Amino acid sequence: MHTKENSCCCSFDDCKLTTEWLLSMTRHRPKIAIVCGSGLGLLAETASNKQDVRYEDIPNFPVSTVPGHEGRLVFGHIKGKSCVFMQGRFHLYEGYSLCKVTFPVRIFKLMGVETIIVTNASGGLCQDFKVGDIMVIKDHINLPGFAGQHPLCGPNDERFGIRFPCMSDAYSKALRKLALDITTELGYSNFVHEGVYCMVSGPNFETIAEARMLQILGSDSVGMSTVPEVTVAKHCGLRVLGLSLITNKVSLDYSREEKVNHEEVLQISKMRAEMLKNVLITFIARCHQVETINTNYPNAV
Ligand SMILES: O=P(O)(O)O[C@@H]1C[C@H](O)[C@@H](CO)O1
């Protein structure tokens, strides 16, 4: 966390420098950003006129350290819409501050992005969910935030957004409806749900007692990302859609023998990415038709 004494490693000037560098490297001017979760990098494959930029080449950018997160930005067009994909995101458990984890979101904002689609792999806590289901994120629980691990802690830069942003509508109702309508049109409604995503810091998967607690708190799925990105996106006035792929059922019972592991998460993500890709393509083609109001954005950049 950055404090008054320990100034932010991702200041407005740092963000501007990175943005200007990227704008000088590409002719693309994306309006939609897609963050690819674990094993979901192939969501970028359908884009045309692609241009890749490796994270290690981008000034101030962190690098990916987790298998299943390739570590590059992919610019391209989907159904004529200019998009940027993050093939690989950053996590708190990698040792990055939440300000670094969310740095790309502010870069997207400064580049002119208006809508961000955040995807992830998560463990299902809701008993109705099956492995391979999609959860349209309705709301989240910021568990690390309760303990002070919050991307907006520290001095607030009004050029990004207001000091006390509202989060009760972090996931746009209109965009959620569009996503649900699309899944119905595609014939996916039997394995699509809306639900609440809870972020834990990781890197270990939950104990059974922890999983039971998260379920009692109202979480339908649990993962190790997304919430910081969404919080910063909402703060700076982006429209947000969150899609979570249920890659495993979280153990809530001491008699259950199956043990979750990252390889299984990646395997299920890759198996179901095609379905998620179909939803994304149609969503990207139509999301400009949906108007949303952002209550947090009176004077941000
Ligand atoms: O980046 P996401 O949230 O999709 O990754 C999930 C959470 C952990 O990073 C990892 C566990 O398998 O997958």
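Remember, predicted model here, so these are calculated numbers, not experimental data.

**Student:** Can you explain the site of the ligand? Please cite residues and give values.
**Tutor:** Around the ligand there are 13 residues in total, and Ser38, His91, Tyr93, Ser225 and His262 lie nearest to it. Contact between the ligand and His91: an oxygen atom at 2.7 Å from a side-chain N or O atom of the residue. Isolated, the ligand exposes 340 Å² of accessible area, and the fraction of that covered by the protein chains is 96%. Mapped onto the shell around the ligand, the elements with two or more residues apiece are strand 5 (115–124) and helix 8 (262–286).

**Student:** Which residues make up the environment of His235, and what values do they have?
**Tutor:** With respect to the secondary-structure elements, His235 resides in helix 7 (residues 227–235). For His235, a relative accessible area of 0% translates into the label buried. Considered as a pair, His235 and Cys166 are 69 residues apart in the sequence and their alpha carbons are 8.1 Å apart. For His235, the side chain forms a polar contact with the main-chain oxygen of Gly161, separated by 3.5 Å.

**Student:** Help me get a handle on the packing of helix 5 (residues 173–185) against helix 8, residues and values and all.
**Tutor:** Between helix 5 and helix 8, whose axes approach to 10 Å, the crossing angle comes to 130°. Relative to helix 8, the element helix 5 lies oblique. The crossing of helix 5 and helix 8 is right-handed. Contacts between helix 5 and helix 8 involve Leu175, Leu178, Ala179, Ile182, Thr183 and Glu185 from the former and Val279, Thr282, Phe283 and Arg286 from the latter. Residues that form the contact of helix 5 with helix 8 fall into these classes: six nonpolar, two polar and two charged.

**Student:** Could you give an account of the UniProt feature "binding site: phosphate" (unreviewed entry) in the protein, with specific residues and numbers?
**Tutor:** Within the UniProt annotation, "binding site: phosphate" (unreviewed entry) is assigned to Ser38, His69, Arg89, Phe90, His91, Ala121 and Ser225. With a relative accessible area of 9%, Ser38 lands in the buried category. Locating His91 in the fold gives a position in the loop between strand 4 (81–87) and helix 2 (98–101).

**Student:** Which residues make up helix 3 (residues 103–111), and what values go with them?
**Tutor:** Within helix 3, eight of the nine residues are buried, leaving the element largely enclosed by the surrounding structure. Those residues of helix 3 not exposed but buried are Phe103, Pro104, Val105, Arg106, Ile107, Phe108, Lys109 and Met111. One or two positions beyond helix 3, positive phi appears at Gly112, with a value near 110°.

**Student:** Account for the pairing of strand 4, with residues named and values stated.
**Tutor:** Most of strand 4 sits inside the fold, with six of its seven residues counted as buried. Strand direction decides the pairing type here: strand 1 (residues 32–36) and strand 4, joined by five bridges, are parallel. From the neighbouring strand, Cys36 faces strand 4, where its bridge partner is Gln87. As judged from the seven bridges shared by strand 3 (residues 72–78) and strand 4, these two strands associate in the antiparallel manner. Bridge pairing in strand 4 links Gly76 to Cys83. In this antiparallel pair of consecutive strands, strand 3 and strand 4, the connection spans two residues, and Lys79 shows a positive phi of 45°.

**Student:** Could you give an account of unusual backbone geometry, with specific residues and numbers?
**Tutor:** Both trends apply: most residues other than glycine have a negative phi, and most peptide bonds are in trans. In this model, Gly202 is joined to Pro203 through a cis peptide bond whose omega is 5°. Positionally, Pro203 belongs in the loop between strand 7 (192–199) and helix 6 (208–216). For Asn49, which is not glycine, the phi dihedral falls at a positive 50°. Assignment of secondary structure puts Asn49 in strand 2 (residues 48–54).

**Student:** Hey, could you go over the nonpolar core for me, with residue numbers and the actual values?
**Tutor:** As a rule of thumb, soluble globular proteins bury nonpolar side chains together. Counting 46 residues, the largest nonpolar core has Leu22, Phe61, Leu73, Phe108 and Ile116 as the members making the most contacts within it. Top element by residues in this core is helix 3. It accounts for five residues. Sequence-distant contacts of Phe61, that is, excluding residues within four places in its chain, are made with Thr18, Tyr55, Leu73, Phe90, Phe103, Pro104 and Ile107. In this structure, Leu40, Phe85, Ile134 and Tyr188 belong to the second largest nonpolar core, which totals 33 residues.

**Student:** So what's going on with the UniProt feature "binding site: a purine D-ribonucleoside" (unreviewed entry) in the protein? Which residues, and what values?
**Tutor:** Annotation from UniProt places "binding site: a purine D-ribonucleoside" (unreviewed entry) at Glu206 and Asn248. Maximum C-alpha separation among the annotated residues is 12.1 Å over a sequence range of 43 residues, consistent with a single clustered spot. The residue Glu206 is located in the loop between strand 7 and helix 6 in this model. Residues in contact with Glu206, not counting those within four places in the same chain, are Val200, Ala211, Leu214, Val222 and Val250. Within the fold, Asn248 resides in strand 9 (residues 239–249).

Cut-offs used in this document
- Residues numbered from 1 in each chain as written.
- Predicted model: local features only at pLDDT ≥ 70, side-chain atom pairs only at ≥ 80, totals over all residues.
- Heavy atoms only, no water.
- Near = heavy atom within 4 Å.
- Polar contact = N/O pair within 3.5 Å; in protein donor to acceptor, adjacent residues only side chain to side chain.
- Areas by Shrake-Rupley, 256 points an atom, 1.4 Å probe, with all protein chains shown as cover.
- Helix = DSSP H or I, 4+ residues; strand = E, 2+ residues; numbered from the N terminus.
- Buried < 20%, exposed > 50% of the residue type's maximum accessible area, 1.4 Å probe, protein only.
- Axes fitted to C-alpha atoms, helices over the stretch in contact; angles between N-to-C directions.
- Parallel < 35°, antiparallel > 145°, perpendicular 65-115°, else oblique.
- Left-handed = near helix turned anticlockwise from the far one by under 90°.
- Contact = heavy atoms within 4.5 Å.
- Nonpolar A, V, L, I, M, F, W, Y, C, P; charged D, E, K, R; others polar.
- UniProt positions renumbered as here; feature names shortened; annotations may be inferred.
- Pairing = 2+ DSSP bridges.
- Core = buried A, V, L, I, M, F, W, Y, C linked by side-chain atoms within 4.5 Å.

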